[in-house]
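Observations on chain architecture
One letter stands for each residue in the lines below.
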Amino acid sequence: MKKTFYSNGKLLITGEYVVLDGAKAFALPTKFGQNLVIEEAENDCIHWTSVDADGSIWFEDTILFSSILKNERFNETSHIKNTLIEILHEAYLMNSDLITNSKGYRITSQLTFPKFWGLGTSSTLINNIAQWLQIDAFELLKRSFGGSGYDLACAQNNTPILYQLVDEKPLIEPIIFEPNFLDKIHFVYLNQKQNSRTAIASYYNQRGNIEKAIRKIDSITKTVIHSTEPKEFALALQQHEIEMSNVLETQTVRELLFNDFKGTIKSLGAWGGDFILAISKEDPTDYFHKKGYTTVIPYSEMIL
């Protein structure tokens, strides 16, 4: 019997990093995501295949049930296998039926976006596994990857959300975000994948007294989601970039790469990679193409 599960990808518009310390974050689920197909098999193992958006296989291996039970580690070249075993081990601890009620599985995980885009390869996988085993996705994340969990909230919701950690528990508020300037917003891929775990660790190492910054970001987030004019929206995003530049002691992406852009640019998620948001009066596609950034996606084609 075949079972199929699906989770949405994500983009974090405001609150990057500081969402970990309780700031309110504005996030958008994407039209892209990941499927998980489960089929019964034999031999007390999982034959796992991970497929990219173009149909190519980017990971394939057999994982023994015994490896999951022991949380077995293989050499450094097997880091994807090790990560998968870690997630499945924690999932087993949360629901032992994963192994005790099975003879084996054939599992295929297929992305609908290129895996290097950073739209949530890990979060969509964790949410799909949680759906399959009927366990708490946020608890599984906490036990394995860590992070704020906003990406899981996007995986589970089909509308924009306001997300906050309160006493380390997720507070998710679906919201309406339909300003009349959505056609002015584009998302641009920066041609480099950012490691979220590394970025989070760096943030924790250098953040100081964060409470003042959180209050500012919360206020900016409120302005962003309630903006009715593109200028108001763009100015709020600029203020957000300045505030986070001070917190992270890092130049903004506009200063680094796009100081001649006629419009506003906002980093999304972990700074230094993945996507940026651009808002401008004119279609910015030619501008970014000339700079060597060929993946420019309009809001309507990216966001659910």
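This text goes with the structure placed above it.
All values reported here derive from a predicted model rather than from experimental measurement. (Residues numbered from 1 in each chain as written. Predicted model: local features only at pLDDT ≥ 70, side-chain atom pairs only at ≥ 80, totals over all residues. Heavy atoms only, no water.)

The next thing to look at is the nonpolar core. Membership of the largest hydrophobic core comes to 46 residues, with the highest contact counts inside it found for Leu11, Ile185, Phe187, Phe233, Phe275, Leu277 and Met302. Contributing elements (two or more residues each) for this core: β1 (3–14), β2 (25–40), β8 (185–189), α8 (211–226), α9 (230–248), β10 (275–279) and α12 (299–302). Counting residues per element, this core draws most heavily on α9, at seven residues. With near-sequence residues (within four places) excluded, Phe187 lies in contact with Leu11, Ile13, Leu268, Phe275, Ile276, Leu277, Thr295, Val296, Ile297, Tyr299, Met302 and Ile303. Of all hydrophobic cores here, the second largest spans 41 residues; its members include Val19, Leu36, Leu133 and Phe138. (Core = buried A, V, L, I, M, F, W, Y, C linked by side-chain atoms within 4.5 Å. Buried < 20%, exposed > 50% of the residue type's maximum accessible area, 1.4 Å probe, protein only. Helix = DSSP H or I, 4+ residues; strand = E, 2+ residues; numbered from the N terminus. Contact = heavy atoms within 4.5 Å.)

Let's shift gears to the packing of aromatic side chains. One pass over the full model with this rule turns up 17 aromatic pairs. With centroids separated by 5.4 Å and ring planes inclined at 90°, the aromatic side chains of Trp117 and Phe275 adopt a geometry described as edge-to-face. Pair noted here: Trp117 is in the loop between β5 (105–111) and α4 (121–133) and Phe275 is in strand β10, with a separation of 158 residues, a long-range link. Ring plane angle 35° and centroid distance 6.1 Å describe the contact between Phe177 and Phe233, whose orientation is recorded as tilted. In this pair, Phe177 sits in the loop between β7 (169–174) and β8 while Phe233 sits in helix α9, placing the two residues 56 residues apart along the sequence. A network of ring pairs unites the aromatic residues Phe26, Phe177, Phe181, Phe187, Phe233 and Tyr299 as a single cluster. Across the ring face of Phe74, the terminal group of Lys81 is positioned such that the distance to the ring centre comes to 4.1 Å. (Phe/Tyr/Trp six-rings, centres within 6.5 Å; stacked < 30°, edge-to-face > 60°. Lys NZ or Arg CZ within 6 Å of the ring centre and 35° of its normal.)

With that out of the way, let us pick up empty space enclosed by the protein. By the definition in use, this model includes one cavity of 30 Å³ or more. A volume near 30 Å³ is recorded for the largest cavity. As for the largest cavity, its lining consists of Ile13, Phe26, Leu28, Phe177, Ile185, Phe187, Phe233, Leu277 and Tyr299. Its residues assigned to classes, the lining of the largest cavity comprises nine nonpolar, no polar and no charged. (1 Å grid on protein atoms, 1.4 Å probe; cavity = no way out; pocket = protein on both sides within 12 Å on 5 of 7 lines; lining within 4 Å. Points joined across faces, edges and corners; volume = space filled by probe spheres on them. Nonpolar A, V, L, I, M, F, W, Y, C, P; charged D, E, K, R; others polar.)

This part covers the layout of surface pockets. A volume near 520 Å³ is recorded for the second largest pocket. Lining of the second largest pocket is provided by 22 residues; of these, Lys142, Gly147, Ser148, Leu165 and Glu168 occupy positions nearest its centre. The biggest single contributor to the lining of the second largest pocket is helix α5 (residues 137–143), with four residues. Residue composition of the lining of the second largest pocket, by class: nine nonpolar, five polar and eight charged.

In the contact formed by α8 and α9, the axes pass within 9 Å of each other and the chain directions differ by 160°. One element, α8, and the other, α9, form an angle in the roughly antiparallel class. By crossing handedness, the relation of α8 to α9 is classed as left-handed. On α9, the residues touching Ala213, Lys216, Ile217, Ile220, Thr223 and Val224 of α8 are Glu232, Phe233, Ala236, Leu237, Gln239, His240, Glu243, Met244 and Val247. (Axes fitted to C-alpha atoms, helices over the stretch in contact; angles between N-to-C directions. Parallel < 35°, antiparallel > 145°, perpendicular 65-115°, else oblique. Left-handed = near helix turned anticlockwise from the far one by under 90°.)

Where helix α2 (residues 79–94) meets α4, the axes come as close as 11 Å, and the angle between the chain directions of the two elements is 30°. Between α2 and α4, the angle falls in the class roughly parallel. The way α2 lies across α4 gives a crossing that is right-handed. Contacts between α2 and α4 pair Leu84, Ile87, Leu88 and Ala91 from the former with Leu125, Ile126, Ile129 and Leu133 from the latter.

Here the focus is the side chain of Ser123. Along the polypeptide, Ser123 turns up in helix α4. Residue class for Ser123 comes out buried when judged on its relative accessible area of 3%. Within polar-contact distance, the side chain of Ser123 engages the backbone oxygen of Gly120 at 3.3 Å. Those residues in contact with Ser123 that lie beyond four places of it in its chain are Lys10, Asp151 and Leu152. (Polar contact = N/O pair within 3.5 Å; in protein donor to acceptor, adjacent residues only side chain to side chain.)

One pass over the structure, following the stated rule, counts eight salt bridges. The salt bridge involving Asp61 is made with Lys81; its shortest N-O contact spans 3.5 Å. Taken together, the residues Asp61 in strand β4 (residues 57–64) and Lys81 in helix α2 connect sequence positions 20 residues apart. Each member of the salt-bridge network shares a partner with another, and the members are Glu90, Glu139 and Arg143. (Salt bridge = Lys/Arg side-chain N within 4 Å of Asp/Glu carboxyl O.)

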